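Overview (structure and organization)
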Amino acid sequence: MTELNLLDCFRGKKIVVTGHTGFKGSWLTAWLSELGANVIGISFNIPTNPSHFELLNLEDIEDYKIDIRDPFALENLLKIKSPDFVFHLAAQSLVINSYKNPLETWNTNLMGTVNLLEALKSLNNECTAILITSDKCYDNFEWSWGYRETDKLGGADPYSASKGAAEIAISSYFRSYFMKNNNIKIASARAGNVIAGGDWSQNRLIPDCIRAWSIGERVILRNPNSTRPWQHVLEPLSGYLFLASKLHQNNELNGKSFNFGPRDLTTKSVIDLVKKMSDYWPKVKWEVEKLNDEFHESGLLKLNCDLAHEILNWQPKLNFEETIKMTALWYKNYYENKELNVKELTISQIKNYMEYFN
Ligand SMILES: NC(=O)c1ccc[n+]([C@@H]2O[C@H](COP(=O)([O-])OP(=O)(O)OC[C@H]3O[C@@H](n4cnc5c(N)ncnc54)[C@H](O)[C@@H]3O)[C@@H](O)[C@H]2O)c1
């Protein structure tokens, strides 16, 4: 089956996306809509201003304001909608916020996921669910090799630990309930730092650069030598879509976890990324902040993606240069073209990306 054929299975299907107003959720919602799916979005707020989700102005989706910490509201909506697929992305997604608001982070990332698993358990229809955690779910020993799906889970900061704990909850629900239950299939997906146009979150590198550079200011870099598995948002999203499509057809993938990381074997540092971005934003400047270890952010983190390559036949398509180019051009269009139709821009990048598919 070709990669494009894999995406056919979403046409006309009812698909719940939690976190659809967020950065990754808005790209996934746009992509699924473009594939002909009926998207039912669940989020509790619009997390940024500007917001990619609002700019997309997707008229053909259902948009629900629900807090995933409310088990009854979540279960009620899922029962009413009886979705064919669920993509769970809603989370408190920022490490620094997690230090400031650990309780909210744990409640959202762990108990929100447990509430979603409970809601899935209550369904009578067939449903395939992909639960998105993070590469930070691994206990990070700053090894120079990539983490595999069987490596130890854990995390020092509340965000990472809550994602490791969500993985344990997912595995427990699979072994306790879904392994024996024919109608619900689940898998978890672990990806690293994603970049693309349309992200305006606080304390993330690309949004920090864009916010500063768009008003002629210098950006302050916290950890210039930290390396991250940077990848374009469409790369892990394609992984989630392939995984959902294959899991839908193949019971053997039920309960599995998959890493989705970048193509380049050598991961790049913060400073590599900023320098490459600056190729597209002439005369921009940056400054390195004196190291403040109040909120420790982990250094080296690599993912081993052999399982996704072998079992899902998933491959990342873009190299580092292409990833930065797509990202920079999206923001340049946004800030320089007053007549811009954001939906057209985003969909054109999705269509260009799908041209890499066989
Ligand atoms: N962006 C990255 O680089 C990255 C890397 C690894 C993993 N992830 C994971 O991918 C997922 C999406 O990340 P993102 O960058 O799009 O996040 P985001 O912060 O941009 O969006 C978060 C979304 O979750 C929703 N949300 C938060 N708390 C909620 C609650 N209590 N109830 C209902 N909705 C709630 C928000 O409304 C928003 O729609 C998250 O699970 C995140 O942890 C992201």
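Described below are features of the structure shown in this document. (Residues numbered from 1 in each chain as written. Predicted model: local features only at pLDDT ≥ 70, side-chain atom pairs only at ≥ 80, totals over all residues.)

1. Thoughts on the overall build of the protein
For the protein, the count of helices and strands is 13 helices and 13 strands. Over its C-alpha atoms the protein spans a radius of gyration of 19 Å, differing by no more than 12% from the 21 Å that the globule rule assigns to 358 residues. Counting only C-alpha atoms, the protein reaches 60 × 45 × 40 Å along its principal axes. Among the 358 residues that make up the protein, the fraction classed as buried is 45%. For the protein, long-range pairs separated by at least 24 residues make up 79% of all intrachain contacts whose partners lie at least 6 apart in sequence. (Helix = DSSP H or I, 4+ residues; strand = E, 2+ residues; numbered from the N terminus. Rg over C-alpha atoms; globule rule 2.2 N^0.38 Å. Buried ≥ 20, exposed ≤ 12 C-beta atoms within 10 Å, placed from the backbone. Contact = placed C-beta atoms within 7 Å.)

2. Side note on the site of the ligand
As a matter of local geometry, the ligand sits amid 27 residues, with Gly19, Gly22, Lys24, Ser43 and Ala91 nearest to it. Elements with a contribution of two residues or more to the shell around the ligand: helix H2 (23-34) and helix H6 (102-121). With 3 residues, the top contributor of residues to the shell around the ligand is H2. Each residue belonging to the shell around the ligand can be placed in one class, and the counts come to 10 nonpolar, 14 polar and 3 charged. (Near = placed C-beta within 6 Å. Nonpolar A, V, L, I, M, F, W, Y, C, P; charged D, E, K, R; others polar.)

3. A few points about the packing of H2 against helix H13 (residues 342-354)
Running from N to C, H2 and H13 point in directions that differ by 70°, and their axes come no closer than 10 Å. When the axis of H2 is compared with that of H13, the two are roughly perpendicular. Side by side, H2 and H13 meet where Trp27, Ala30, Trp31 and Glu34 of the first sit next to Thr346, Ile347 and Ile350 of the second. (Axes fitted to C-alpha atoms, helices over the stretch in contact; angles between N-to-C directions. Parallel < 35°, antiparallel > 145°, perpendicular 65-115°, else oblique.)

4. Re the environment of Ser51
Assignment of secondary structure puts Ser51 in the loop between strand S2 (38-43) and helix H3 (52-56). Separated by 259 residues in the primary sequence, Ser51 and Glu310 place their C-alpha atoms 36 Å from one another. Contact partners of Ser51, with chain neighbours within four places excluded, come to Thr21 and Ile46.

5. With respect to the nonpolar core
In this structure, Ile15, Phe87, Ile130, Ala189, Tyr240 and Leu243 are the most contacted members of the largest nonpolar core, which totals 88 residues. Tallying contributions element by element places helix H9 (residues 234-249) first for this core, with 8 residues. When residues no more than four places from it in sequence are discounted, the contact partners of Phe87 are Ile15, Val17, Leu28, Ile130, Ile132 and Tyr240. (Core = buried A, V, L, I, M, F, W, Y, C linked by C-beta atoms within 7 Å.)

6. Structural notes on the pairing of strand S4 (residues 85-88)
Going residue by residue along S4, you find Phe85 and Phe87 tucked away on one face and Val86 and His88 tucked away on the opposite face as well. With 4 bridges joining them, strand S1 (residues 14-18) and S4 adopt parallel strand pairing. For Thr18, the partnering residue across the bridge sits in S4 and is His88. Where S4 lies against strand S5 (residues 127-132), 4 bridges are found, and the strand directions are parallel. Looking across to S5, one finds that His88 is bridged to Leu131. (Pairing = 2+ DSSP bridges.)

7. Focus: the sheet that holds strand S6 (residues 184-191)
The parallel open sheet is built from 7 strands, whose spatial order is S3-S2-S1-S4-S5-S6-S11. Every other strand in the sheet has two partners, leaving strand S3 (62-65) and strand S11 (257-260) as the edge strands with one partner each. Strand-to-strand, the axes of this sheet are offset by a mean angle of 20°, without reference to chain direction. Helix-sheet contacts for helix H7 (residues 158-176) involve S5, S6 and S11, and the interaxial angle to S6 is about 160°.

8. A look at the environment of Ser134
Mapped onto the elements of the fold, Ser134 is located in the loop between S5 and H7. On the neighbour-count criterion, Ser134 (24 C-beta atoms within 10 Å) is buried. With 121 residues separating them in the primary sequence, Ser134 and Gly255 have C-alpha atoms 16 Å apart. Setting aside residues no more than four positions away along its own chain, Ser134 makes contact with Lys163 and Arg190.

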